[in-house]
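# Overview (structure and organization)
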Amino acid sequence: EEIIARARIVASSNQTAIIFGESGTGKELLAQGIHNASPRKTFPFVAINCGALSESLLESELFGYDEGAFTGDRKGGKPGLFELAHGGTIFLDEINSISMNMQTKLLRVLEEREIMHIGSDYVIPLDVRIIAAANQDLYSMVSQGTFRKDLFYRLSILELTLPPLRQRPKDIPLLFETYLKRHCAPTPPPPIPASVQQQLTAYTWPGNVRELRSAVQRFLLFGAIELDSTEQTTKDLSQISGLLDLREINHYVEEKIIHTLLASGLTKLHVADIFGISRSALWKKLNP
């Protein structure tokens, strides 16, 4: 509620904004909400994931190009996303992933409010609001010299931070129930067993809201949420390995422990790592 209240204030402004948050926390959803609550809501909202494209492809997508700029390009050229967002908002996700070269070009757009197509010398004026998002600590990147300080200051005029689910465990059952109702509407949703409720709050949700929504769909299909145990397994490997010593247990106990770990969802590679042996040695213990 605090974040939404702050986002409403950001929406009333025309300044550049940046949203910080881990993957899956809903940064694009918040950016769309800011656009929809702003005076620009009747104009386009255009989103692009900067981390999903190579530098050359990202540049052509953002700025567009004139005919003849590339071999085999589209006849008549192609407008860029900045142009398509004219009058509205462009959302630049994973801004932390762009190269220093692209950072320089983006800074020019922010300062001059104009672009040029690749292969052109004609300036195109822009009326667009920029909302960026980062899933890494830009402050650290600036101090390490991997992100331009001047660009950072231009992007971070208005800041919003979306907390991960693990920092707001009381919201998790409410969110789960909300998505469950949406998927089932207009039919009433099935009851959530106490065991599932316990799983929801005990899990750390590395994929955040995106992972939670997937868990809802699995619950509807199978009656269970079947959470990924990889993250928990990785966290506990060092603790488990310190408790086991093959020299102090007999073959029967070894076999029972191995089968128990495999039944809990661990891979044979994980189990071998816990015992400090190779996979072939583990195979011999299972098949003496």
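Every value quoted in this text rests on a predicted model; they were computed, and no experiment measured them.

Thresholds applied
- Residues numbered from 1 in each chain as written.
- Predicted model: local features only at pLDDT ≥ 70, side-chain atom pairs only at ≥ 80, totals over all residues.
- Heavy atoms only, no water.
- Helix = DSSP H or I, 4+ residues; strand = E, 2+ residues; numbered from the N terminus.
- Buried < 20%, exposed > 50% of the residue type's maximum accessible area, 1.4 Å probe, protein only.
- Contact = heavy atoms within 4.5 Å.
- pLDDT = per-residue confidence, 0-100.
- Salt bridge = Lys/Arg side-chain N within 4 Å of Asp/Glu carboxyl O.

Summing up its helical and strand segments, the chain has 14 helices and nine strands in all. Each of the 288 residues in the chain was classed as buried or not, and the buried ones make up 39%. Sequence-distant contacts in the chain: of pairs separated by 6 or more residues, those separated by 24 or more amount to 71%.

Mapped onto the elements, Ser 54 comes out in the loop between strand S2 (45-49) and helix H3 (55-63). Through-space distance from the C-alpha of Ser 54 to that of Ser 99 is 9.5 Å; in sequence the pair is 45 residues apart.

Here we take up the confidence of the model for the chain. Across the chain, the average pLDDT comes to 84, with 87% of residues at or above 70. Across residues 230-249, confidence stays below pLDDT 50; counting only partners more than four residues off in sequence or on other chains, it has 19 contacts.

Take the pattern of salt bridges next. On inspection of all chains with the given rule, the structure shows eight salt bridges. With its nearest N and O atoms 2.8 Å apart, the salt bridge here joins Asp 127 to Arg 40. Here Arg 40 lies in the loop between helix H2 (27-36) and S2 and Asp 127 lies in the loop between strand S7 (123-125) and strand S8 (129-134), a separation of 87 residues in the sequence. Since its relative accessible area comes to 10%, Arg 40 is described here as buried. Close ionic contact of Lys 181 with Glu 177 constitutes a salt bridge, the shortest N to O distance being 3.5 Å. One end of the pair is Lys 181 and the other is Glu 177, both in helix H8 (residues 171-184) and four residues apart, which spans about a single turn.

What follows concerns H3. Turning to H3, its buried residues are Leu 58, Glu 59, Ser 60, Leu 62 and Phe 63. Buried residues in H3 make contact with S2, strand S3 (64-65), helix H4 (81-84), strand S5 (89-93), helix H5 (100-112) and strand S6 (114-116). A positive phi of about 75° marks Gly 64, the residue just after H3.

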